[in-house]
Amino acid sequence: MTGFRILIPGAALVFVLAAALYAPALQGGFAYDSIGQVVYGDYIHRTENLAEVLTLRVVALDELDRNRPLHLASLMADAAVWGRNPSGYRLTSVLLHALNAALVFAIIMSALVRAGACNRGAFAAIFGALLFALHPLVVEAVSEPSNREDLLLLLPVLVGILVIICARSPLSWFAVNASLALCAFLAVTAKESGVAAPFIFVATVLLFDAGRLRKFVPGLVAGFLAVTGFLAASYMFRPLDSAVFLDSPPPLAADFWTALGVQSRIWTLQLFQVFRPANLSAHYQPEVLSGITLPLAVTVLVAAAGAAAIGAWKNRLVALGLAVTVLTLLPASNFAAQFQPVADRYLYAPLAGGGMIAAALVAGVWGWACGRWSRTLLIVAACAVLAAEYSANFRRQQVWREPLALWSDVVRQFPRAPIAHMGLANAHYRAGRFDAARAAAAECVLASGARWDDALALRAICEWQTGQHDEAVATFRRAVVISPIYLDQAALGRSMAWSPAQMEVLARLAQAAGR
C-alpha cells in the first residue's frame, strides 16, 4: 500500500481518536469569556446580525470580536442550533480540533511520501498528529468556545499547506491560487495572527515546489493583499470609543528593548511548557517568569535556534514545522499589546508545527532502527509519551469544565492575584453561593488594594445579596469614585462584564447610593 493510499484512512483514524479523547470536554459548561459572549450577550443570537458578519460590516461596530468575523460566524451558527447549551459549542470546537489533527497527519504523510519515506511515514505521521492533538497546552483553545478563533485560524492554514504540497499536477492552477488566497483571508478573519498565513504559504512553496514558484505567485500575492486589506479596514473603521473594551491593554514594557527582554523570557517559558507542561494556568501572573532570568532565556533561545537551523537544513518537514511554529507565534508575542501577555491558547497553532517536527524526527529514527526490536522499542516509547501527554491533557480538561474548577485552580497558583479571586467570586455567585462569593470578593478587594472598581462593585453586589445593604451601598460608592461608569447602566450592559442578575443589583445600588 503506497503512502497516498493510506492518507484518508490514516486521517480518519486520527480524527476519530482526537474527537474521542476529548469526550470529557463535552460535559462542561461555559467557563471563561464565553459566559459574557454567549450567555449574557445577545449579538450572536440575533439572526439579523449575520449579514453584518458575512459582509464584514461588523468590523466597524462596537461588538466583542468585531475584528474576527469568522469566529463570530461560527458562534452564530452554534447559537442557531444550540441556543445557549454549552455542550453544542464544545462539540463544534472538539470536531474542529479533530479536523485540524487529521490535516496535520495528512500534511506530514504527504511530505514524507514526497521525500520517499512512505514506508515509515504512517507511524510517524500518526504520532506527530496525536502529539499535537493531545498536548495539554491546546486544551484551553479546545474546551473554551470563546477561544475557538485559534482553531479557526489554524484550519485554513493547514488546508493551504496541503494544497501546495499536493499540487503536483493540478487540474486548474486558478483553483490552486484561489484556494490559497481564500485560505489566507479566512485565517486573518479568524484571528489577527492569521497575518502569518501568506508567509507560511510562501515558505511551503519554497520548500516543496520552488521550481514552480511562478505558478503560485497569483495566489500568494492575492493572499497578501487580502490579509493586509482586512487588517487595514479593521483598524481604520474601528470604533474610537468602545463600551466593550473600556481600557486598552498596557504595553509589555516602557521601551522596545526592555519589552524584547521580557518577551524572550516568555518564549523560554513557553518552550519549557511544551516539553514539560506543568503548572499551566488560565490566567498567568508576572511571577511565573521569576525563575527565568534574561541570561538563561538568551542561552536557551540561542541553543534552540541553533538546533532548529540544523534540523531545517537537513529536513524539509522540520523546516515546514519551524515555519508554522515561528510564524504563528510571532503575532501573539506582545509586539502589539495584549490583555494577557501569556496564554496557553497562543501555542495552539505553533504546536501543529511542533507535531510536524516530532514526526520528522520519529521518521528519521524509524529509518535508522532497522531491527524489529529497536522499532518495537520506538513504538513503545512513542506510546508512553502520548499516554503521559494525555494524562496531563485529561487533568486540564477537568479544570476547564466549569468556572469554579477553573478559578479555584488559578487561585491555587496565584493566591495574591486580584483577577483570580474576582473569577472565583463570580463563579460562586453564578452558582448561588453568595456567602462564598462575598468572601472571595473581599479577598479580591484586599489583593487589589481597594483600587479596582470592578472588585469593589462585585463586593457590593455580594454584600447586597447577603442582606448587608448599608455596607453594600458604602462599597458601591467607593467603586463609583474610581469609575463613574457604574452609574451608567446602558454602558455597563454593553460591556457584558455582568450577568443580568448582577445588573439588577447594580441598578438597585445606584438608586440607593443616589438617595
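Refer to the structure printed above.
For the structure given in this document, a descriptive report is provided here. From a predicted model like this one, the values you see are computed outputs, not experimental measurements. (Residues numbered from 1 in each chain as written. Predicted model: local features only at pLDDT ≥ 70, side-chain atom pairs only at ≥ 80, totals over all residues. Heavy atoms only, no water.)

### Focus: the nonpolar core
Counting residues in each nonpolar core, the largest one holds 145 residues, and the members touching the most others are Trp498, Leu506 and Leu509. Ranked by residues supplied to this core, first place goes to helix H5 (residues 86-114) with 15 residues. Residues contacting Trp498, with those up to four places away along its chain left out, are Tyr40, Met422, Asp454, Ala457, Leu458, Ile461, Tyr486, Leu492, Met503 and Leu506. Within the second largest apolar cluster, 14 residues are counted, among which are Ala73, Leu75, Ala79 and Tyr89. (Core = buried A, V, L, I, M, F, W, Y, C linked by side-chain atoms within 4.5 Å. Buried < 20%, exposed > 50% of the residue type's maximum accessible area, 1.4 Å probe, protein only. Helix = DSSP H or I, 4+ residues; strand = E, 2+ residues; numbered from the N terminus. Contact = heavy atoms within 4.5 Å.)

### Topic: helix H4 (residues 69-82)
When the terminal C-alpha atoms of H4 are compared, their 19 Å separation across 14 residues agrees well with the 20 Å that a helix rising 1.5 Å per residue should span. When we look at burial in H4, the residues that qualify are Pro69, His71, Leu72, Ala73, Ser74, Leu75, Met76, Asp78 and Ala79. Of the surrounding secondary structure, the elements contacted by the buried residues of H4 are helix H2 (34-40), helix H3 (50-54), H5, helix H8 (149-166), helix H9 (173-190) and helix H11 (213-236). Within two residues after H4, Gly83 carries a phi angle of roughly 65°, on the positive side. (Expected span 1.5 Å × (residues − 1).)

### Focus on the side chain of Ser34
When you line up the elements, Ser34 lands in helix H2. Those residues in contact with Ser34 that lie beyond four places of it in its chain are Val39, Glu144, Pro145 and Ser146.

### A few points about H11
In this model, H11 (24 residues) spans 33 Å end to end at C-alpha, consistent with the 34 Å of a helix rising 1.5 Å per residue. Residues of H11 that are buried include every one of Phe216, Gly219, Leu220, Gly223, Val227, Phe230 and Ser234, and no others.

### A closer look at the packing of H5 against helix H14 (residues 316-329)
Two elements in contact, H5 and H14, have axes separated by 10 Å at closest approach and are oriented at 150°. Between H5 and H14, the angle falls in the class roughly antiparallel. Facing Ile107, Ile108, Ala111, Leu112 and Arg114 of H5, the residues of H14 in contact are Arg316, Leu317 and Leu320. (Axes fitted to C-alpha atoms, helices over the stretch in contact; angles between N-to-C directions. Parallel < 35°, antiparallel > 145°, perpendicular 65-115°, else oblique.)

### Here's the deal with the environment of Phe476
Assignment of secondary structure puts Phe476 in helix H21 (residues 469-482). Look at Phe476 and you get buried, because its relative accessible area is 0%. Counting along the chain gives 367 residues from Phe476 to Met109, while the straight-line C-alpha distance between them is 60 Å. With sequence-adjacent residues up to four places away left out, Phe476 is seen in contact with Ala460, Tyr486, Leu487, Leu506, Leu509, Ala510 and Ala513.

### Here we look at unusual backbone geometry
Located in the positive-phi region is Asp65, a residue other than glycine, with phi close to 65°. Its place among the elements puts Asp65 in the loop between H3 and H4.

### Things to note about the pattern of salt bridges
For the coordinates displayed, the defined rule picks out 13 salt bridges. Salt bridges sharing partners connect three or more residues here, namely Asp65, Arg68, Glu149 and Glu192. (Salt bridge = Lys/Arg side-chain N within 4 Å of Asp/Glu carboxyl O.)

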